Amino acid sequence: MLEIKFLRQNLSLIQKALDVRGETVDLDAFIKQDSERRAILLEIEDLRHQRNSVSEKIAQMKKNHEDATSLIDDMRSVSSNIKNLEKSLGASEEAIETILMGIPNIPHTSVPIGRNESDNTVVKQVGATTAFDYQPQAHWDLGEKLNILDFTRASKITGARFPMYYGTGAALERALISFMLDIHTKKHGYREVLPPFIVNQSAMTNTGQLPKFEEDLFKLQNWDYFLIPTAEVPVTNIHQGEILDAESFPIKYTAFTPCFRSEAGSYGKDTRGLIRQHQFNKVELVKFAHPDNSYDELETLLQNAERILQELKLPYQVINLCTGDLGFSAAKTYDIEVWMPAQGAYREISSCSNFEDFQARRANIRFRQKGHKGTRLVHTLNGSGLAVGRTFAAILENYQQADGSVIIPEVLRSYLGGIERISP
RNA sequence: GGAGAGGUGGCUGAGUGGUUGAAAGCGGCGGUCUCGAAAACCGUUGGGGGUUCACGCCCUCCGCAGGUUCGAAUCCUGUCCUCUCCGCCA
């Protein structure tokens, strides 16, 4: 959410931001509602002031045992007047809230202008793409032949787009989670947190999933609760409503959680394998940062996520998302894409974003700084570090051998009892 | 699931219808003292909004949402959360 005052004073800037994002919002309706609201407010505050001062007078008169009935009668009508105006005010505020909630964040100046993903820019490529002297197999074929993945039976249990792992496959997924958490906690200084996987409506609203993207979520029946689509939601909400100390910045959390996404509108896309599932595991990185250096924090967050791929020796590239591809709440996003040999393409495995104060305003997360008056909104950032299922898939495809076996990356072996290879 | 207690400012904690935005203490900030620091003492210290060029003025906020009243932190209803006891349970 943007600040209402900022919106009022920077309409053309907001309009420009909407244009480069390819979004349309009725800003004229906002202007109209906003001036209407302020007119009502003026009237209400005047009446309230009157009520306050007369009430004080009534109190005095009662103390002196004087008759105040005529004043009380006057106030009766003032009060009912206020009550009516408050109704219109409420309606007006609601209308403004709705508009405000539908306005995306303003892209940072370093975000390339573009219409869609084809306008994203490649920041860098790391590692040569894996070479094969045969046509490399897709991870779903490898996984089923190795008897470590079973999408067929998973679909009996639930339905399409749910993964099931067996044996060394299940252990590999678990090893990846531990490995990622260990790197981030021990090498990068993040604090591990294991949050709830189900959250309420306000948590979802604070991080921006609601009200606009409810169709992407799984909602519990008879509860106002949702399955989390990412650990970003519960972890960012850890500090909702709090006033933090600037000395504590940056606050860094890492969390493993499963993630649940309805993937509405993606029917027919990535139907096979681990790339697009309704349920997947992810290790998330979340930072609360000082506004003055949140973009430096974004760079290190990105490096922290990249580190995992470097340790696993997987080739990848980093993308700067253009304005048209940027998520609703983000001001800037780097995607990390891992090389998938069977597809001959880089596929997203991490998304690292700075939300500036967009989420903090909704979640009311502020900080106080020594020597400064009042409070300011913090900047929130997060990134995948990494999507575990996609990392699993990338390992299978990049580490596959001609005989159908898969070598275990060295850094993972200690997590798997020293085994070096998964064979059929 | 049953019974009870409670939710007040950064924190602890007073306050049951009329200068209570809220006592007191702690913490924070500024100062006196000191070579410096500590202690002591003095002063100061919430958020949001409207309006104004500005000084300022005003409104609002005591978990949240309603209600009663001329007037509510204080009374009533609902709701959420926390705690205690009982029951059930991984």
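Residues numbered from 1 in each chain as written. Chains lettered and ligands numbered in written order. Predicted model: local features only at pLDDT ≥ 70, side-chain atom pairs only at ≥ 80, totals over all residues. Heavy atoms only, no water.

*Asks:* Can you help me understand the overall build of chain A in this one?
*Replies:* Counting its secondary structure elements, chain A contains 13 helices and 15 strands. Along the three orthogonal principal directions, the C-alpha set of chain A runs to about 100 × 45 × 40 Å. In chain A, which comprises 424 residues, the proportion classed as buried is 51%. In chain A, 73% of the contacts between residues at least 6 apart in sequence involve partners at least 24 apart. Counting 48 positive and 55 negative side-chain charges, chain A places the centres of these two groups 3 Å from one another. (Helix = DSSP H or I, 4+ residues; strand = E, 2+ residues; numbered from the N terminus. Buried < 20%, exposed > 50% of the residue type's maximum accessible area, 1.4 Å probe, protein only. Contact = heavy atoms within 4.5 Å. Lys, Arg positive; Asp, Glu negative; His and termini not counted. Charge placed at Lys NZ, Arg CZ, Asp CG, Glu CD.)

*Asks:* Please clarify how the packing of aromatic side chains should be interpreted in this entry.
*Replies:* One pass over the full model with this rule turns up nine aromatic pairs. Each ring, one from phenylalanine 213 and one from phenylalanine 328, has its centre 5.4 Å from the other, and the planes form 70°; the classification is edge-to-face. Highlighted residues: phenylalanine 213 in the loop between helix 8 (201-207) and strand 4 (225-227) and phenylalanine 328 in the loop between strand 8 (316-320) and strand 9 (332-340), separated in sequence by 115 residues. The exposure class assigned to phenylalanine 213 is partly exposed, which follows from its relative accessible area of 28%. (Phe/Tyr/Trp six-rings, centres within 6.5 Å; stacked < 30°, edge-to-face > 60°.)

*Asks:* Can you help me understand the pairing of strand 13 (residues 379-387) in this one?
*Replies:* Residues in a regular strand project their side chains so that they alternate between the two faces of the sheet. Most of strand 13 sits out of view: nine of its nine residues are buried. Pairing of strand 7 (residues 279-289) with strand 13, which is carried by seven bridges, proceeds in the antiparallel orientation. Residue pairing across strands places lysine 287 opposite leucine 381, the latter belonging to strand 13. Inspection of the sheet shows strand 10 (residues 345-354) paired to strand 13 by three bridges, in the antiparallel sense. Paired with serine 353 across the two strands is asparagine 382, which belongs to strand 13. (Pairing = 2+ DSSP bridges.)

*Asks:* Quick question: what am I supposed to make of the sheet that holds strand 8 here?
*Replies:* Spatial ordering of the open sheet is given by 1-8-9-10-13-7-6-2, a layout of eight strands whose pairing is mixed. Bordering the open sheet on either side are strand 1 (121-126) and strand 2 (191-192), each of which pairs with just one other strand. Contacts from helix 7 (residues 167-187) reach strand 2, strand 6 (251-260), strand 7 and strand 13, with the element oriented near 10° to strand 7. Packed onto the sheet, helix 12 (residues 388-398) meets strand 7, strand 9, strand 10 and strand 13 and runs at close to 35° relative to strand 13. (Axes fitted to C-alpha atoms, helices over the stretch in contact; angles between N-to-C directions.)

*Asks:* Help me understand the environment of lysine 16 in this model?
*Replies:* Looking at where lysine 16 falls in the secondary structure, it is placed in helix 2 (residues 11-21). Owing to a relative accessible area of 60%, lysine 16 belongs among the exposed residues under this scheme. Residues lysine 16 and phenylalanine 197 lie 181 residues apart in sequence; the distance between their C-alpha atoms is 37 Å.

*Asks:* Honestly, helix 7 in this entry has me stumped. Any pointers?
*Replies:* Along an α-helix, residues three or four apart share an orientation, since each turn contains 3.6 residues. Taking 1.5 Å per residue as the helical rise, helix 7 with its 21 residues ought to reach 30 Å, and the 29 Å between its terminal C-alpha atoms agrees with that figure. Of the positions making up helix 7, those classed as buried are Gly169, Ala171, Leu172, Glu173, Ala175, Leu176, Ile177, Phe179, Met180, Leu181, Ile183 and His184. Downstream of helix 7 by one or two residues, glycine 189 has phi in the positive range, about 75°. (Expected span 1.5 Å × (residues − 1).)

*Asks:* Would you mind showing me how to read the confidence of the model for chain A here?
*Replies:* It should be kept in mind that the predicted coordinates are not to be read in detail where pLDDT is low. Taken as a whole, chain A shows an average pLDDT of 94; of its residues, 100% reach a score of 70 or greater. As scored by the predictor, the complex reaches a pTM of 0.94 and an ipTM of 0.87. (pLDDT = per-residue confidence, 0-100.)

*Asks:* What is the right way to look at the side chain of histidine 379 in this model?
*Replies:* Here histidine 379 shows up in strand 13. Setting aside its immediate chain neighbours within four residues, histidine 379 contacts Lys287, Phe288, Ala289, Pro291, Ser294, Asn354, Glu356 and Asp357.

*Asks:* Hey, could you run me through the pattern of salt bridges in this one?
*Replies:* If charged atoms from side chains of opposite charge come close, those side chains can pair. Summed over the entire model, instances satisfying the criterion amount to 21 salt bridges. A salt bridge links arginine 37 to glutamate 93, with the shortest nitrogen-to-oxygen separation between them at 4.0 Å. Highlighted residues: arginine 37 in helix 3 (residues 27-63) and glutamate 93 in helix 4 (residues 69-101), separated in sequence by 56 residues. Here arginine 76 and aspartate 73 are joined by a salt bridge, their closest N and O atoms 3.3 Å apart. With arginine 76 and aspartate 73 both in helix 4 and three residues apart, the pair spans about one turn of that helix. With relative accessibility at 55%, the residue arginine 76 sits in the exposed group. Where salt bridges share partners, they join Arg8, Asp34, Arg37, Arg38 and Glu93 into one cluster. (Salt bridge = Lys/Arg side-chain N within 4 Å of Asp/Glu carboxyl O.)

*Asks:* Before we go on, may I ask you to explain the protein's contact with RNA strand B in this structure?
*Replies:* Neighbouring RNA strand B are 26 residues; Arg48, His49, Arg76, Ser79 and Lys370 lie closest to it. Within 4 Å of the protein, the contacting atoms of RNA strand B are 76% sugar and phosphate, with bases supplying the remainder. Taking glutamate 45, its side chain carries an N or O atom lying 3.3 Å from a base nitrogen of RNA strand B. One of the side-chain nitrogen or oxygen atoms of arginine 366 is found 3.1 Å away from a sugar or linking oxygen of RNA strand B. Here the element with the most residues in the surface near RNA strand B is helix 3; it accounts for 13 residues. In the surface near RNA strand B, the residues fall into seven nonpolar, six polar and 13 charged. (Near = heavy atom within 4 Å. Polar contact = N/O pair within 3.5 Å; in protein donor to acceptor, adjacent residues only side chain to side chain. Nonpolar A, V, L, I, M, F, W, Y, C, P; charged D, E, K, R; others polar.)

*Asks:* So what exactly am I meant to see when it comes to the sheet that holds strand 5 (residues 243-245) here?
*Replies:* Strand order in the open sheet formed by three strands is 5-11-12, and the pairing between neighbours is mixed. The open sheet has two edge strands, strand 5 and strand 12 (376-377), and neither has a second partner. Both strand 5 and strand 11 (residues 366-368) contribute to a ladder of three bridges, which runs parallel. Bridge pairing in strand 11 links isoleucine 243 to arginine 366.

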